Amino acid sequence: MKKFFLNLGSQPLANKFLKKYNSNQTKYKLKIYFDTISKMVSISKRIPSKKMFNSKYPYRSSMSNTMRRSFKNLSTEIKKRFNPKMMLEIGSNDGALVSNFDKKKIIGVEPCKNLAKITKKIKYTTYDEYWDFNLAKKLKEKHGLIDLIYSANTLTHISNLNNVFKSINHLLPINGILIIEDPSLLECIKKNSYDQFYNEHIYLFSAISVKNIINKHDLEIFDIKNLSTHGGSLRYYIKKKKNKNLKISISVKNQINNEKKYGIHKFATYKNFSKNVKKSKINLLKILNRIKKNGHKIIGYGATAKAVTIINYCNINKNLISNFVDTTPEKINSFMPGKNIKILKYKNDILKKYDYAFLGAWNFKKEIINKEKKFFKKGLKFLTHIPKPKIIYY
Ligand code: JHZ
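So, a few notes on the structure that sits alongside this text. (Residues numbered from 1 in each chain as written. Predicted model: local features only at pLDDT ≥ 70, side-chain atom pairs only at ≥ 80, totals over all residues. Heavy atoms only, no water.)

**Describing the overall build of the protein**
The secondary structure content of the protein amounts to eleven helices and 17 strands. A principal-axis box enclosing the C-alpha atoms of the protein has dimensions of 65 × 50 × 40 Å. For the protein, the share of sequence-separated contacts (at least 6 apart) that also reach a separation of at least 24 residues comes to 68%. Only carbon and sulfur atoms are counted for the fraction: they give 51% of the accessible area of the protein, which is about 17700 Å². When the 80 positive and 26 negative side-chain charges of the protein are each reduced to one mean point, those points stand 7 Å apart. (Helix = DSSP H or I, 4+ residues; strand = E, 2+ residues; numbered from the N terminus. Contact = heavy atoms within 4.5 Å. Areas by Shrake-Rupley, 256 points an atom, 1.4 Å probe, with all protein chains shown as cover. Lys, Arg positive; Asp, Glu negative; His and termini not counted. Charge placed at Lys NZ, Arg CZ, Asp CG, Glu CD.)

**Observations regarding the pairing of strand S13 (residues 323-326)**
By the alternation rule, side chains of S13 split into Asn 323 and Val 325 and Phe 324 and Asp 326, which are all buried. Across three bridges, strand S12 (residues 298-301) lies against S13 in parallel orientation. Counted as the bridge partner of Ile 299 is Asn 323 from S13. Following the backbone out of S12, through helix H10 (residues 305-313) and into the adjacent parallel S13, one traces a crossover that is right-handed. Taken together, the four bridges between S13 and strand S14 (residues 342-345) define a ladder with parallel strand orientation. Across the sheet, Asp 326 pairs through a bridge with Lys 345, a residue of S14. (Buried < 20%, exposed > 50% of the residue type's maximum accessible area, 1.4 Å probe, protein only. Pairing = 2+ DSSP bridges. Right-handed = clockwise from strand over helix to strand, strands pointing away.)

**Some thoughts on the packing of helix H4 (residues 133-143) against helix H5 (residues 161-171)**
Running from N to C, H4 and H5 cross one another at 10°; their axes reach a closest spacing of 9 Å. Taken together, the axes of H4 and H5 are roughly parallel relative to one another. Residues Phe 133, Ala 136, Lys 137, Leu 139 and Lys 140 of H4 touch H5, and the partners they reach there are Asn 163, Lys 166, Ser 167, His 170 and Leu 171. For the contact of H4 with H5, the class distribution of residues is four nonpolar, three polar and three charged. (Axes fitted to C-alpha atoms, helices over the stretch in contact; angles between N-to-C directions. Parallel < 35°, antiparallel > 145°, perpendicular 65-115°, else oblique. Nonpolar A, V, L, I, M, F, W, Y, C, P; charged D, E, K, R; others polar.)

**Observations concerning the sheet that holds strand S8 (residues 177-183)**
By way of backbone hydrogen bonds, the strands of a sheet pair with one another, either parallel or antiparallel. Taking strand neighbours across the sheet as the criterion, the seven strands line up as S6-S5-S4-S7-S8-S11-S10 in an open arrangement whose pairing is mixed. A strand with exactly one partner marks an edge of an open sheet, and here the two such strands are strand S6 (125-127) and strand S10 (219-227). Going across the sheet, the axis of each strand differs from the next one's by a mean of 20°, ignoring polarity. Relative to strand S7 (residues 148-152), strand S4 (residues 87-90) runs parallel, the two sharing three bridges.

**Some remarks on the packing of aromatic side chains**
Counting across every chain of the model gives 16 aromatic pairs. Centroid distance Phe 82 to Phe 222: 6.4 Å. Interplanar angle 85°. Geometry classified as edge-to-face. Of this pair, Phe 82 sits in the loop between helix H2 (65-81) and S4 while Phe 222 sits in strand S10, and the two are 140 residues apart along the sequence. Pairwise contacts between aromatic rings join Phe 5, Phe 34, Phe 197, Phe 267, Tyr 270 and Phe 273 into one cluster. We note Lys 79 situated over the ring of Phe 101; from NZ or CZ to the ring centre the distance is 5.1 Å. A cation sits over an aromatic face here: Lys 371 above Tyr 346, 4.8 Å from the ring centre. (Phe/Tyr/Trp six-rings, centres within 6.5 Å; stacked < 30°, edge-to-face > 60°. Lys NZ or Arg CZ within 6 Å of the ring centre and 35° of its normal.)

**Remarks on helix H9 (residues 267-293)**
Given a rise of 1.5 Å per residue, 27 residues ought to cover 39 Å, and the 40 Å separating the end C-alpha atoms of H9 matches this to within 8%. The complete set of buried residues in H9 reads Phe 267, Thr 269, Tyr 270, Phe 273, Ser 274, Val 277, Ser 280, Leu 284, Leu 285, Ile 287, Leu 288 and Ile 291. In the segment just after H9, Gly 295 is the residue with positive phi, at about 80°. (Expected span 1.5 Å × (residues − 1).)

**Quick notes on helix H11 (residues 365-372)**
Inspection of H11 places Glu 367, Ile 368, Ile 369 and Glu 372 among the buried residues, and these make up the whole buried set. At its buried positions, H11 is contacted by H2, S12, strand S15 (356-359), strand S16 (381-384) and strand S17 (390-392).

**Re the sheet that holds S17**
Read across the sheet, six strands follow the order S14-S13-S12-S15-S16-S17 without closing on themselves; strand pairing throughout is mixed. The open sheet terminates on both sides in strands that have one partner only, identified here as S14 and S17. Here the strands of the sheet are splayed against their neighbours by 35° on average, with no regard to which way each runs. Sheet topology note: the S15/S16 ladder contains three bridges and is parallel. When the bridges of S16 are listed, Tyr 356 appears paired with Lys 381.

Here is the structure:
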């Protein structure tokens, strides 16, 4: 049974950056539920994929050193540990992962045509289609079975998870490997990072809920890694149950026990989380208003999908955060979805006109602070809402 626990108000599409501000931008209710049987956390309103993931999708995986490094390290691990003859990436984005592999040994699937174009240009086979059973059948006919399927931050964006895993199963041989990684629900609850919820994130996975859903498809997790990326992610290594050659690592039991200790399988945990989210909103607004009252200027650092949830839920307008700054060409000179806050192009000296920078991309805090530390001497302070709204002093 699905039980409601959090209302994040009306939210525009998190990656719909408009070149001209429109106060009537379409918004959708963002309500979050917990399924007491499957233990899955999901949003209620499902927006058709075509509305979100199309030829104008602005998010590029390779815009940060952190993610480029993470994909590079993973590719080294995959080659050493599994040495697949053929690989597939579902949601290959701008090629941050595939570009680490031999062009003949990997296929990308990326429905956002603007992104698929990037990997096609560098001669990686890329299917600009949505992941479903028809595509899986087509790929099997063309390429045969695939030894290793990988997907980061994509499966949680697809509404019909049973179809997702059925399609994966169709392509995996009995000894095939599936690796998926997505933000960790446990980390989200611990860090109170409610901004992990937006219309693209239909689900927020835990080891418990992934175990339950893949069990129906005769798949099982045989290893789990905690990653620091995207504010704390889990990388799940999955195999067919029939494959007895791979041992199940203790990491799986440990993760599930940690989740249980924290109450990830209990509704009461989410009711409590909901209370913390409301407190976080009040405290963030208090800090922003105090800064403004003192006549200081605030810029948002990183025009993230997560920041879109924050500014719309907390009703933050340009009177509080004057601008955002971002390196993504597709976001520059557009407005933050739902609010008339303009996104400026990142330049070396951009922060010198501001007194505070709100970490929209708090998940890259280390990378950003390291890059911008020269501004601390000039008086710049960072501001974050994770795990609690606060000013960061250096
Ligand atoms: P970042 C997106 O979420 C959307 P977002 C998506 N739904 C998802 O699941 C996750 O990614 C994985 C900028 N930046 O990664 C680049 C700088 O400008 O936190 C990006 O626009 N300078 C697919 O949008 C943004 O911040 C910098 O130095 O919440 C980061 O976006 C750095 C490090 C980043 O994902």
